[in-house]
Amino acid sequence: MFQFFEKARPVVEDRGPGWFSAARPLPPEVRLGTVDTLLVARRNLLAIWPASAYRVSVDDIRLLGRQLVLVNSPDGVKHVLATRNDNYERKSPQMRRALEHLIGDGLFISDGETWRSRRPLVADIVHKSRVPVFGETMEAVTLAMAERWARRGGEAFDVLVEMAELTAEIIARTVFGNDLGAEAAHEVIEGFTRYQAGVDSLNIPYFLGFDEGLPILRGPGLRKAAARVDRVIRRVIDDHVAGRGDDKSMIELLVRRQKKNPELGLDVSALSNEAATIFMAGHETTAATLTWAWYLVANAPWVEEAVLAEIERVCGARPPTVADVAELDWCRAVIEETLRLYPPVPILARQAREADSFAGVEVAPASLAVVVPWLLHRCAELWETPDRFMPERFLGSQRPAPYTYIPFAAGPRICPGLAFGLTEAILCFAILIQRFRVRVVEGRAVEPVCRLTLRPKGGLPVVAAARR
Ligand code: HEM
């Protein structure tokens with residue numbers, strides 16, 4: 001029987017030089033009732049898992065009469081995300097309801113025919129073959145941030161906010177083109193941030209018997225936030241449709257496709273939903289990844305040394321470029337290990353269309369299959385010393401066994417921005433670490449929390465000292 005408990009405390013284990021244990025909530029000690037479980041989940045979805053959940057298994061859980069199947073085995077993950085994607089392609093009502101006012105029927109939460117017709121288009125515009133072109137923007141925006149850091153003169157700042165601004169600027173320029181303008185970019189970023197902070201990510205009515213959940217209550221704050229985003233995106237789309245857009249941007253690619261193939265039915269509303277989707281999915285996750293990378297490397301100076309030696313060997317004194325990324329093995333390993341320890345999307349919940357049976361569990365229609373990269377990536381049966389920060393796991397030809405490492409999900413709904421996001425994270429990290437020694441402000445306890453994405457609670461205050 002699966003149990004829920006109260007209170008989570010961050011754990012950091014110190015085992016001496018060469019060893020850093022990445023903070024995680026301590027498995028709760030006191031058993032919780034259903035209401036408390038929901039309250040703790042509302043605060044932090046990572047704080048509900050007891051120690052027994054960090055093992056390979058498939059568990060049948062009930063919450064207010066609703067079935068949740070916790071899928072934490074490579075075979076189970078393969079079944080849900082790949083083999084039976086036809087039955088589990090729908091996102092959870094929680095995810096769909098939380099995002100529908102922001103991205104409409106955008107790819108991230110669509111399914112069925114809408115998903116099938118749009119996926120190739122979106123996947124193509126963020127395809128890895130386009131990454132070298134977008135790479136120039138990544139370099140320019142990161143170098144501009146390095147200049148701003150250099151002028152800070154050692155004062156503390158929240159690196160989570162900085163990384164969100166960095167990746168939002170990169171995605172704004174690549175999706176919308178240079179013509180967006182600073183004010184409009186700020187408007188979209190603010191709108192997204194406020195929306196995410198205010199939105200209900202639990203949708204209790206689903207647990208009370210509404211299979212599709214219920215539309216979330218939108219107070220004036222949430223409405224205003226969604227309207228801010230929508231206004232800017234609509235204006236940009238109108239400009240592009242009227243031929244006034246930057247011809248290298250992702251939106252321009254979508255608009256051109258629509259003009260060439262009107263039968264695709266990409267009307268203005270569909271275009272803006274997909275633009276909002278790429279913007280949201282494409283900046284938040286990379287920002288969280290970079291923030292966690294700073295936290296981990298700041299606590300592992302031996303890793304920092306190896307990274308700097310590699311950058312020196314590959315780039316000498318010049319800044320790393322997108323063309324160097326293929327040779328920056330340590331930088332890549334740091335980002336991959338960061339994504340193992342802190343997967344930005346730590347919970348992937350899918351709703352069963354029909355009854356199913358796997359791993360000895362009878363799955364009822366409309367129940368949730370919950371794949372939790374956060375748990376899977378920290379299973380001692382799958383990873384040696386799972387809490388230890390050890391980028392070496394990803395060096396050389398070593399690759400994790402199939403369906404044990406899924407920061408980008410897996411199967412037909414795998415993240416289409418994988419190459420974009422990985423390249424961006426490696427490049428931004430390499431450019432900034434070459435110039436700055438980043439350290440977490442002394443005495444600061446780091447607690448990972450998850451609402452929609454996995455972030456350090458209250459941000460991550462750091463000091464960045466210039467190296468030369
Ligand atoms: C480190 C960076 C990133 C991580 C860890 C990440 C992770 C993920 C994950 C786990 C999913 C699947 C979610 C689910 O099944 O519930 C997803 C979907 C998606 N991601 Fe990413 N992502 C990253 C960067 C990006 C970037 C840069 C873009 C676009 C430029 C992007 C666009 C998308 C889109 C459009 C989807 C929806 C795909 C679909 O449902 O078919 N992502 N991402």
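Residues numbered from 1 in each chain as written. Predicted model: local features only at pLDDT ≥ 70, side-chain atom pairs only at ≥ 80, totals over all residues.

**Thoughts on the overall build of the chain**
Of the regular secondary structure elements, the chain holds 16 helices and 14 strands. A compact globule built from 468 residues should have a C-alpha radius of gyration of about 23 Å, and the chain, at 22 Å, falls within 12% of that. (Helix = DSSP H or I, 4+ residues; strand = E, 2+ residues; numbered from the N terminus. Rg over C-alpha atoms; globule rule 2.2 N^0.38 Å.)

**Remarks on unusual backbone geometry**
At Tyr 403, a position not held by glycine, the phi torsion is positive, near 60 degrees. Assessed through the 21 C-beta atoms surrounding it within 10 Å, Tyr 403 is described here as buried. In this structure, Ala 409 is a non-glycine residue whose phi angle is positive, near 65 degrees. Examined against the element boundaries, Ala 409 turns out to sit in the loop between α15 (373–376) and α16 (418–435). (Buried ≥ 20, exposed ≤ 12 C-beta atoms within 10 Å, placed from the backbone.)

**Points about helix α12 (residues 268–298)**
Side chains that are three or four residues apart share a direction in an α-helix, a result of its 3.6 residues per turn. With 31 residues, α12 extends 45 Å between its outermost C-alpha atoms, agreeing within 8% with the 45 Å of an ideal straight helix rising 1.5 Å per residue. Among the 31 residues of α12, 28 are classified as buried, and the element is accordingly described as predominantly covered. (Expected span 1.5 Å × (residues − 1).)

**Notes on helix α13 (residues 301–315)**
For α13, built from 15 residues, the straight-helix expectation of 21 Å at 1.5 Å per residue is met to within 8% by its first-to-last C-alpha distance of 21 Å. Every buried residue of α13 is accounted for by Val 303, Val 307, Glu 310 and Ile 311. Take α13 and look down its axis: the buried residues cluster within an arc of 100 degrees, on one side only. Those residues of α13 that are exposed and aimed more than 90 degrees away from the buried face are Trp 302, Glu 305, Ala 309, Glu 312 and Arg 313. As for α13, its buried residues are in contact with α12, α14 (329–341) and α16. (Arc of directions from axis to C-beta. Contact = placed C-beta atoms within 7 Å.)

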